[in-house]
Amino acid sequence: MLLASITMQAQLKKHYTDADEIKEAVKTVLTTEMTSEDGLLLKFKEKNNVIGTYDFDVTINDKGQVKSVFVVDRKGGSEDLLNLLKDKVLTLKMGFKTPKGRRYKVNYKFKF
């Protein structure tokens, strides 16, 4: 029964093919993670008292996993918080797929 449930969830993953659509979906997921009560980034903010604005280039792979985070700019906050936030963003999964073998880079400003 558990295996059937896992298989159903895997089959329900959205698959995007348009680059602009993919970038918007990534931004939507990141915004949700920052604003939703269950969002990992909101919990991270509350736990670590994060302040400031962090401008990142986030790259995802074809399975919707964050593969790299490049720091573009930071206003406020500390270097330690910057590194912790970068590590937390690297753990995120987008919950959708993209064309096989492709990576997509999105610029996103995390405002705390």
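Residues numbered from 1 in each chain as written. Predicted model: local features only at pLDDT ≥ 70, side-chain atom pairs only at ≥ 80, totals over all residues. Heavy atoms only, no water.

Peer 1: Please set out unusual backbone geometry residue by residue, giving values where relevant.
Peer 2: Even without being glycine, Asn 49 reaches a positive phi, approximately 50°. Assignment of secondary structure puts Asn 49 in the loop between α3 (40–48) and β2 (53–60). For Asn 49, a relative accessible area of 62% corresponds to the exposed category. (Helix = DSSP H or I, 4+ residues; strand = E, 2+ residues; numbered from the N terminus. Buried < 20%, exposed > 50% of the residue type's maximum accessible area, 1.4 Å probe, protein only.)

Peer 1: Run through the pattern of salt bridges, naming residues and quoting values.
Peer 2: If you walk through the whole model with that rule in mind, you get 2 salt bridges. In this structure, Lys 75 engages Asp 73 in a salt bridge whose closest nitrogen and oxygen atoms are separated by 3.5 Å. Among the residues examined, Lys 75 registers a relative accessible area of 55% and is labelled exposed. Taking the relative accessible area as the measure of exposure, Asp 73 reaches 33% and is therefore partly exposed. Among the salt bridges present, the one from Glu 79 reaches Arg 74, with a minimum N-O distance of 3.8 Å. Given a relative accessible area of 31%, Arg 74 falls into the partly exposed group. (Salt bridge = Lys/Arg side-chain N within 4 Å of Asp/Glu carboxyl O.)

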